[in-house]
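Architecture at a glance
Residue-level listing of the chains:
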Amino acid sequence: MTTFLITAPATEPATLDEVKLHIRQDSSIGALEDALLNRLIKSARQRAEHMTSRAFITQTWGVRLDAFPTLIELVRSPVISITDVKYLDSTGVEQTINAADYILDNFGTTGFIAPAYGKSWPSTYQQINAVRVQYVAGYGAAAAVPECVKDWMLLVIEDAYRNRGATVDATIKPHPFLDSILDPITVQRIG
């Protein structure tokens, strides 16, 4: 299974003004510093999403499979909607499965797609990536992102901003509980 980002979020959970306030930086520090802080904001969000297996702001993801498994796992959650489920039929022609023929199980921390009651997955062409799923995930707008994400991002951005080099002063140690700030929303996988 391959999962990949199709459409990135249009905004970030933390704004440039929030970051400047957190790092106690004058709001008029200049375009070069603004560019750096914006890059650090995006980087912190990407790292937090990777660590938690979550999507924060609305974004579109794709999944590719060689054949239909019993359940299709959607690894970026929370899942907002399924855009489509497509596959190559036994003759190699792309087909779209009717939305009434599958269901989204979005009850747990990870979303799954399963055949609807009385339905089953069709046979696929014997080719890699014969099954293609597209879905939308995220909490919605920045205001809906859990506060623990924003707190973690601000701390990580501040550290990256203050310590710009590739080496770290050995006398300065990160807070031992920094990453545990994300624990309430981290998807735990077994196996």
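Here's what I pulled together on the structure shown here.

Procedures and definitions
Residues numbered from 1 in each chain as written. Predicted model: local features only at pLDDT ≥ 70, side-chain atom pairs only at ≥ 80, totals over all residues. Heavy atoms only, no water. Pairing = 2+ DSSP bridges. Helix = DSSP H or I, 4+ residues; strand = E, 2+ residues; numbered from the N terminus. Axes fitted to C-alpha atoms, helices over the stretch in contact; angles between N-to-C directions. Expected span 1.5 Å × (residues − 1). Buried < 20%, exposed > 50% of the residue type's maximum accessible area, 1.4 Å probe, protein only. Contact = heavy atoms within 4.5 Å.

**A word on the sheet that holds strand β5 (residues 94–96)**
Backbone hydrogen bonds are what pair the strands of a sheet, in a parallel or an antiparallel way. One open sheet holds the 5 strands; their spatial order is β1-β2-β8-β4-β5, and the pairing between them is antiparallel. Strand pairing shows two members of the sheet lacking a second neighbour, β1 (2–7) and β5, which therefore form its edges. Each strand axis lies, on average, 25° off the axis of its neighbour in the sheet, ignoring direction. In the sheet, strand β2 (residues 59–65) pairs with strand β8 (residues 131–137) via 7 bridges, with the strands oriented antiparallel. Each bridged residue has a counterpart across the sheet, and for V63 the counterpart in β8 is V133.

**Some remarks on helix α2 (residues 31–52)**
Relative to the 32 Å expected for 22 residues at 1.5 Å per residue, α2 spans 31 Å between its end C-alpha atoms, a close match to the ideal helical length. Those residues of α2 not exposed but buried are D34, L36, L37, L40, I41, A44, R45, A48, E49 and T52. Tucked into the core, α2 has its buried residues touching α1 (16–22), β2 and α3 (147–162). Positioned one or two residues after α2, S53 has a phi angle of 60°, which is positive.

**A closer look at the sheet that holds strand β3 (residues 72–74)**
One open sheet accounts for 3 strands, arranged β3-β7-β6; its pairing is antiparallel. Single-partner strands in this sheet number two, and they are β3 and β6 (102–105). Ignoring strand direction, the axes of neighbouring strands in this sheet form an average angle of 25°.

**Describing α3**
Relative to the 22 Å expected for 16 residues at 1.5 Å per residue, α3 spans 23 Å between its end C-alpha atoms, a close match to the ideal helical length. Of all the positions in α3, only C148, V149, K150, W152, M153, L154, V156, I157 and Y161 are classed as buried. At its buried positions, α3 is contacted by α1 and α2.

**Here we look at the side chain of T124**
Structurally, the position occupied by T124 is in the loop between β7 (111–115) and β8. Excluding anything up to four places from it in sequence, T124 contacts D66, A67, F68, Y87, L88, D89, S90, A130 and V131.

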